[in-house]
Each structure stands twice: as C-alpha cells, then as structure tokens.
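# Structural characterization, general
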Amino acid sequence: MTEKTLCILGSTGSIGTQALEVTRSLGLRLTALTAGSNAALLEDQIREFAPSVAALADEKAAADLRVRVADTPTKVLAGSDGVAECAGCGANTVLNAIVGIAGLEPTLRAIAAGSDIALANKETLVAGGSLVTAAVHEKGVRLLPVDSEHSAIFQALQGCPSPESVKRLILTASGGPFFGKTRAELQRVTLADALKHPNWSMGAKITVDSATMFNKGLELIEAVRLFNVPAERVEVLIHRQSVVHSLVEYRDNSVIAQLGVPDMKIPIQYALTYPERLPCPVQTLDLTRCAALTFEPPDDELFPAIKLARAAMRAGGLATAVYNGANERANELFRGEHDGAAFHATDSADRSVRAEQIRFLRIAELIEAALCAYTHEMHTQSGYTLGDVLDIDTWAREFVQSKSSGKE
Ligand code: NAD
Ligand code: MG
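Described below are features of the structure shown in this document.

What counts as what
- Residues numbered from 1 in each chain as written.
- Chains lettered and ligands numbered in written order.
- Predicted model: local features only at pLDDT ≥ 70, side-chain atom pairs only at ≥ 80, totals over all residues.
- Heavy atoms only, no water.
- Helix = DSSP H or I, 4+ residues; strand = E, 2+ residues; numbered from the N terminus.
- Rg over C-alpha atoms; globule rule 2.2 N^0.38 Å.
- Buried < 20%, exposed > 50% of the residue type's maximum accessible area, 1.4 Å probe, protein only.
- Contact = heavy atoms within 4.5 Å.
- Areas by Shrake-Rupley, 256 points an atom, 1.4 Å probe, with all protein chains shown as cover.
- Salt bridge = Lys/Arg side-chain N within 4 Å of Asp/Glu carboxyl O.
- Arc of directions from axis to C-beta.
- Pairing = 2+ DSSP bridges.
- Axes fitted to C-alpha atoms, helices over the stretch in contact; angles between N-to-C directions.
- Parallel < 35°, antiparallel > 145°, perpendicular 65-115°, else oblique.
- Left-handed = near helix turned anticlockwise from the far one by under 90°.

## What about the overall build of the protein?
In terms of regular secondary structure, the protein is built from 18 helices and 11 strands. For 408 residues, the compact-globule formula gives about 22 Å, and the C-alpha radius of gyration of the protein, at 20 Å, lands near that figure. Every one of the 408 residues in the protein was classed for burial, and the buried ones make up 57%. Sequence separation of 24 or more characterises 68% of the internal contacts of the protein that already satisfy a separation of 6 or more. Total accessible area on the protein stands at roughly 16700 Å², and carbon and sulfur atoms take up 51% of it.

Encoded structure:
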C-alpha cells in the first residue's frame, strides 16, 4: 500500500485526524494536507507526514504556518485558492473532510485532476448536485463514500447484479441527543445540550445537524446522488444504538446490512483501500455485549428535516443548495458564530460553546422559509454552474440571516 498517494483536506478536524490515524497504520504516502486555521496542529502533521504541499484557508494562519515549518521541505499555500490548489495536486485519492460548502470547489478541482474522491464532505453533493456527479462521470474517477451510512450501503451493494435488483436503501439514524423529547422540551434545549451526541464524537456543525436531524436530510440527498436511486426509494429508520450503519433491501426481500462499532475509521479506511479489506485499528463488534437493536420511524412533525429534504429534491434545480446553505447559516446562528467564520470555529481544537443567536426550533423554521421563498420566487434551473451554486448559497444564507431575528 505504500505507493498510493493521498491528499487530506480538513486534516485538523474530526474526520481528518482519524484519517491520519488510518494513514499512519496503513503506511500510505501523504502528498498534501489542508485545514482552516489551526497552524499548530497542521505543523505537527507536516512534521510527521512530510507532505510536499500544505495549505490553510485562513491567510494569517498560513503566514504563521510558513514560519513554523520553514525548516521543512513542505511548501505552504494560503487562502481558499491554496486549499483548492492542494486538492488539485493529482494525488491518487483526495479525502475531503472539509466541513460545509467550502469543500465544493476543492472536490471539483480534485476530480478535474483525475483523483479518486473519498467523500466525507456531504455538503459537496447536496449543494453541488449534478455538477459533481457529471464531473465524476466525465473524468471516470471513483466517488467513494466516507459517511458511515453511505459506506454501509456501498458495502451492502458489493456484488449487486443490477440496479433493478435494489428495492430500497434504508439509512439508519441515531436520533441524536433530543430523540423522544416533546416540543415543549425542545423549546428549552441549549447548544451545550445539542453538542452531547450519544454515540459519535464529531465536529460541532455535524453534531448540531444530528440533533436537528438535518444531517439525515443531507444524507438522504447524498444517498440519492451517490447511488442514483429516487428519493422515494430511500428510507430513514431511527436506530439508537448505531451498530447497524445502514441497509439495502433487494427485490427478493432479502436485506443486507453492515454492522460495526461506531468508529469512523472503518468507513474512512474502506474508502481508502477499496476494494481491499485490511486490518483496521478499531475495536471488534461484540454482539453479545450489545443491548437489543431497535428500529423505529422518525418523527417528521417534530423534526421536519427529512421531509424538507424530500421537498427540496422534488423542487429540483438548486433547491438542495438552498437547503444546504440555509442549514449552514441556521446551524452557525445556533452555534453563535459569525457568518463566514466557520474555519475559525470548527478546528477540533476549538470546541468552546458560544451563546446561541437563535433557538433550536427556529433552525428548521428558517430553512423551511428559505425553501418556500426559493421555490416561489425563483425559477428553478436544471443546468447550473459553480457560480450559480455559490450565488444561491449566498442568497440562502442571507435569507436566513435576515429572518433570524423574527418571531419564533
Ligand atoms: P470538523 O469541524 O471537525 O473539521 C472540519 C475541517 O475542515 C477542519 O480541518 C477545518 O480546519 C477545515 N475547514 C473548515 N472550514 C474550512 C474552510 N473554509 N476551508 C478549508 N478548510 C476548512 O468537521 P468533521 O466533523 O470532521 O466533518 C467534516 C465533514 O465530514 C463534514 O462535511 C461532515 O458532515 C462529514 N462527516 C463527519 C463525520 C464525523 O464523524 N465527524 C461523519 C460523517 C461525515
Ligand atoms: Mg453519517
């Protein structure tokens, strides 16, 4: 495995640091690393993995990093252009673990350079849609899922004889920290409550997305685009234990699931070694120590995220980019973040809890309002450019910002 070259985008985050553990254990060769603003951690990573190039999106932090690693051969680039340049460096595989729409352009650059994509950054597929899938098709590169549910489906599809033999994809969801709460209880929940995920340790944005269930809405759209199945054939089940990571139901009513401990290193490694299976530095699953495995339908009234994802898919055009952009801004507001400050706050070193700027239940209301405004006021297009996606993302963010002080 030593010859395969790898670029990791978002290497200082939750997925990024776990991807580096896998890189270390497999002895992969890293040629590029990028992050948002954490110069100290990226310095450590550069000293250990000696990539030929590295970048920080934050220009000031990049200047600091350049001084810190002046004694190494690693070239340091700055800004989002520097990140995109690293993504396009032509590594065999580019693992995209950036959070949010900031990952879209680097994904497109990596595809254009002919790299296989190991995709954790689901926002790339939700906002970019056919822009990404068409580029993957045109360049003939692989798009390999890192998200645990999509990796599970991908694994359960191995050996599938034809697309017609698949009846349904079933995505499992832990339900997050607020599963089972009443509306009255949800009116009082805080950011600190939302950051306490029962099963997974993840970056702040996706942890809040898990609490609102918008993570599962994003994943539904991601599944439709990765596996080319209509949204009506993708279902979601709440599975509190996070042992069954997702399932495929075939037309003979046989159901194939993938199980494992809730550790992202398994799907990360599978994306990097596919189709090989190699030893992985995670615990074995001891089924005798699992409590009962339970499955139940989600509550679409209290957590409308999945229903809204289906509506965005039906609306077509750039509605899923609106869904994503509105969610990113509403999520940031709930986390008390300034617009566009994502990379300052999302390095895993910085997990401080700020004051919420909106209440928890307001998140879904704002996203629903943005989707309504989009489908009523704007014409939906089927062909679009990266510029169109970024414009509609800005529109959705501004819409949410402008309505955020309104009545709940
Ligand atoms: P994180 O916040 O821990 O890390 C994000 C990384 O992206 C950091 O390295 C950060 O510096 C970098 N970054 C942030 N803004 C940037 C910008 N503007 N430009 C360049 N780099 C930037 O997030 P995470 O939990 O690792 O999640 C990363 C992605 O993986 C998300 O799309 C998330 O939905 C997905 N994902 C995460 C998990 C998980 O277990 N953490 C599981 C499945 C999918
Ligand atoms: Mg997931």
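## Considerations on the pattern of salt bridges
Oppositely charged side chains may form a pair once their charged atoms are brought near each other. Scanning the model with the defined rule gives 23 salt bridges in all. In this structure, D263 and K265 form a salt bridge, with 3.3 Å as the shortest nitrogen-oxygen distance. Three or more residues are tied together by salt bridges with common partners; here these are E43, R47, D64, R68 and D71.

## What about helix α2 (residues 39–49)?
All of the buried residues along α2 are A39, L42, E43, Q45, I46 and F49. All buried residues of α2 fall inside an arc of 165 degrees around its axis, so they share one side. Where α2 is buried, its residues meet α1 (14–26), β2 (29–35), β3 (53–56) and α3 (59–68). A50, located one to two residues past α2, shows a positive phi value of around 45 degrees.

## Points about the sheet that holds strand β8 (residues 166–173)
On the basis of which strands lie adjacent, the open sheet formed by four strands has the order β9-β8-β10-β11 and mixed pairing. What marks the edges here is a single partner per strand, and that holds for β9 (234–238) and β11 (255–259). When strand polarity is set aside, the average angle formed by the axes of neighbouring strands in this sheet is 20 degrees. Note: strand β10 (residues 244–250) against β11, five bridges, orientation antiparallel. Across the sheet, the residue bridging to V244 is L259, located in β11. With respect to the sheet, helix α8 (residues 148–156) is in contact with β8, β10 and β11, its orientation differing from that of β10 by roughly 40 degrees.

## Structural notes on the packing of helix α15 (residues 319–334) against helix α18 (residues 386–403)
It is the contact of α15 with α18, at a shortest axis distance of 8 Å, that shows an interaxial angle of 40 degrees. By the criterion of interaxial angle, the relationship of α15 to α18 is oblique. The handedness of the crossing between α15 and α18 comes out as right-handed. Counted together, A321, V322, N324, G325, A326, E328, R329, A330, E332 and L333 of α15 and V389, I392, D393, W395, A396, R397, V400 and Q401 of α18 form the full contact between these two elements.

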